[in-house]
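If you want the building blocks of each chain, they are given just below.
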Amino acid sequence: MCLRQRTRRFKGESGVWSGDELDLDAYLARIGYDSERDGELAPDLRTLTALHRAHVEAIPFENLDVALGRDVPLDLKSLQGKLVARRRGGYCYEQNSLLAAALERIGFQVAGRGARNRSRGAALPPVTHALLVVTIEGGQWLADAGFGWQGPLEPVPLRDGARVEQAGWTFGIGVEDEGIHVLRTLRAEGWADLYAFSPQTLYPGDFTVMNHYSSSHPQSRFLGQVVAQWPGAEARRALVRETLSTVRADGSAEERTVGVAELAAVLEAEFGIELDDEERAALERVHGAGL
């Protein structure tokens with residue numbers, strides 16, 4: 001079945017995530033999903049796993065529009081224009097809104113969630129991370145293409161005590177008081193919390209509110225610095241301000257400083273992000289101010 005035929009097959013009534021507006025052929029081409037290799041699309045775990053993995057490996061996490069002081073629209077037309085047609089990346093609200101539209105178009109039951117990021121220490125941060133929960137045959141799966149270099153490559157079963165290994169990286173789920181779910185990752189020193197979220201369902205409008213805070217509030221960690229991340233299978237990379245970090249599944253790690261003159265080259269070589277001349281000059285000014 002060709003991609004055009006599949007697109008007609010899954011086109012239906014408008015859904016919460018505007019899946020009916022998605023150019024499914026273009027999205028699948030962007031993430032490199034091949035039906036002959038990866039299987040025909042269906043609302044099942046095999047498709048969810050393959051689609052999630054392909055999306056994460058193809059579209060980088062980045063905040064460049066925020067760093068440039070631009071608006072970050074979440075309507076599907078804008079997301080397709082940026083992440084698909086222009087082959088750029090985005091952060092959690094963009095990544096997971098696009099993934100939700102694709103999943104909804106295929107026939108999955110998708111719901112949003114809001115999480116507190118625990119990866120930065122013991123402080124109690126606001127709920128600013130957006131993720132997805134997908135229900136398949138009565139079971140729930142955490143799907144998250146937007147947590148950057150620490151995020152899962154594939155869906156994680158949303159049940160207490162679940163533990164999965166993904167290309168040498170191990171993730172687990174715990175449940176705390178009030179039904180709070182926690183995504184954890186196993187490191188050399190033991191389990192570390194990544195984020196925690198309640199079972200409350202969120203919708204695109206809720207993502208818009210969180211997006212407004214992250215893209216414009218003075219206390220947002222995304223303002224005034226360049227951030228680009230990629231959770232690869234063999235190595236995970238993160239550029240935050242001037243530091244480029246690489247971590248491998250065997251626990252080895254390295255860091256180096258990225259100067260202004262090499263910023264554009266690093267973004268292209270390490271994260272697949274190509275800039276035009278105007279973006280390059282503006283980001284170099286932002287990057288230079290932080291050094």
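Explain the nonpolar core residue by residue, including any values.
Tyr27, Leu51, Leu142 and Tyr195 are the most contacted members of the largest nonpolar core, which totals 64 residues. Among the elements that line this core, the one with the most residues is helix H7 (residues 92–106), at nine residues. When sequence neighbours within four positions are dropped, the list of residues in contact with tyrosine 27 reads Leu22, Leu51, His55, Val84, Leu98, Leu99 and Ala102. Ranked by size, the runner-up nonpolar core spans 15 residues in total, among them Ala228, Leu239, Leu263 and Val286.

How would you sum up helix H4 (residues 45–58)? Please name residues and give values.
Given a rise of 1.5 Å per residue, 14 residues ought to cover 20 Å, and the 20 Å separating the end C-alpha atoms of H4 matches this to within 8%. Restricting attention to buried positions, one finds in H4 the residues Thr47, Leu48, Ala50, Leu51, His52, Ala54, His55, Val56 and Ala58. Each element contacted by the buried residues of H4 is listed here: helix H2 (24–31), helix H3 (35–38), H7, strand S3 (127–136), strand S4 (139–143) and strand S10 (227–231).

Which residues make up the confidence of the model for the protein, and what are the values?
Averaged over all residues, the pLDDT of the protein equals 93, while 94% of them reach at least 70. The model gives residues 1–13 a pLDDT under 50, and that stretch makes 23 contacts with residues more than four places away or in other chains.

Pulling in residues and values, what's your account of the packing of H2 against H4?
With their axes 8 Å apart at the nearest point, H2 and H4 run at an angle of 65 degrees to one another. The pairing of H2 with H4 is recorded here as roughly perpendicular in orientation. Residues Tyr27, Leu28, Arg30 and Ile31 of H2 form the contact with H4, whose participating residues are Leu51, Ala54, His55 and Ala58. Split by residue class, the contact of H2 with H4 holds six nonpolar, one polar and one charged.

How would you sum up the pattern of salt bridges? Please name residues and give values.
Following the criterion strictly, the structure yields 19 salt bridges and no others. Here arginine 53 ties to glutamate 57 by a salt bridge, and the two come within 2.7 Å at their closest N and O atoms. Linking arginine 53 with glutamate 57, this pair stays in helix H4, spanning four residues, or about one helical turn. Taking relative accessible area as the criterion, glutamate 57 reaches 38% and is therefore assigned partly exposed. Residues arginine 53 and glutamate 154 are paired through a salt bridge, measuring 2.7 Å at the closest nitrogen-oxygen approach.

How would you sum up the sheet that holds strand S12 (residues 243–248)? Please name residues and give values.
An order of S1-S10-S11-S12-S13 is seen for the five strands of this open sheet, with the pairing classed as antiparallel. Edge positions in the sheet fall to strand S1 (61–62) and strand S13 (253–257), since each of these pairs with one other strand and no more. Here S12 runs beside S13; their pairing, made up of five bridges, is antiparallel. When the bridges of S13 are listed, valine 247 appears paired with alanine 253.

Please set out helix H8 (residues 204–216) residue by residue, giving values where relevant.
Between its first and last C-alpha, H8 extends 18 Å over 13 residues, near the 18 Å set by a 1.5 Å rise per residue. Burial in H8 covers these residues: Phe207, Met210, Asn211, Ser214 and Ser215. Projected onto a plane normal to the axis of H8, the buried residues spread over an arc of 130 degrees and lie on a single side. Turned more than 90 degrees away from the buried face of H8, the exposed residues are Val209 and His212.

Any details on the packing of aromatic side chains? Residues and values, ideally.
Applying the stated criterion across every chain, the model contains six aromatic pairs. Measuring from ring centre to ring centre gives 5.3 Å for tryptophan 17 and phenylalanine 207, while their planes differ by 55 degrees; the resulting arrangement is tilted. Here tryptophan 17 is found in the loop between helix H1 (3–10) and H2, whereas its partner phenylalanine 207 is found in helix H8, with 190 residues between them in sequence. Between the aromatic rings of phenylalanine 61 and phenylalanine 222, the centroid separation amounts to 6.1 Å while the plane-to-plane angle is 40 degrees, which identifies the pairing as tilted. Taken together, the residues phenylalanine 61 in strand S1 and phenylalanine 222 in the loop between H8 and S10 connect sequence positions 161 residues apart. Assessed through its relative accessible area of 8%, phenylalanine 61 is described here as buried. Each member of the aromatic cluster is reached from another via a ring pair, and the members are Phe61, Tyr91, Tyr93 and Phe222. Residue placement shows arginine 236 over the ring face of tryptophan 169; its charged tip is 4.5 Å from the ring centre.

How would you sum up the side chain of glutamate 94? Please name residues and give values.
Within the element layout of this structure, glutamate 94 appears in helix H7. Overall, glutamate 94 belongs to the buried group, its relative accessible area being 2%.

For the packing of H4 against H7, give the residues involved together with the corresponding values.
Contact geometry for H4 and H7: axes closest at 12 Å, N-to-C directions at 150 degrees. Here H4 is positioned roughly antiparallel relative to H7, judged by the angle of their axes. Crossing of H4 against H7: the hand is right-handed. Residue-level contacts link Leu48, Leu51, His52 and His55 of H4 to Gln95, Leu98, Leu99, Ala102, Leu103 and Ile106 of H7. Partitioning the contact of H4 with H7 into residue classes produces seven nonpolar, three polar and no charged.

Reading the values: rules and limits
Residues numbered from 1 in each chain as written. Predicted model: local features only at pLDDT ≥ 70, side-chain atom pairs only at ≥ 80, totals over all residues. Heavy atoms only, no water. Core = buried A, V, L, I, M, F, W, Y, C linked by side-chain atoms within 4.5 Å. Buried < 20%, exposed > 50% of the residue type's maximum accessible area, 1.4 Å probe, protein only. Helix = DSSP H or I, 4+ residues; strand = E, 2+ residues; numbered from the N terminus. Contact = heavy atoms within 4.5 Å. Expected span 1.5 Å × (residues − 1). pLDDT = per-residue confidence, 0-100. Axes fitted to C-alpha atoms, helices over the stretch in contact; angles between N-to-C directions. Parallel < 35°, antiparallel > 145°, perpendicular 65-115°, else oblique. Nonpolar A, V, L, I, M, F, W, Y, C, P; charged D, E, K, R; others polar. Salt bridge = Lys/Arg side-chain N within 4 Å of Asp/Glu carboxyl O. Pairing = 2+ DSSP bridges. Arc of directions from axis to C-beta. Phe/Tyr/Trp six-rings, centres within 6.5 Å; stacked < 30°, edge-to-face > 60°. Lys NZ or Arg CZ within 6 Å of the ring centre and 35° of its normal. Left-handed = near helix turned anticlockwise from the far one by under 90°.

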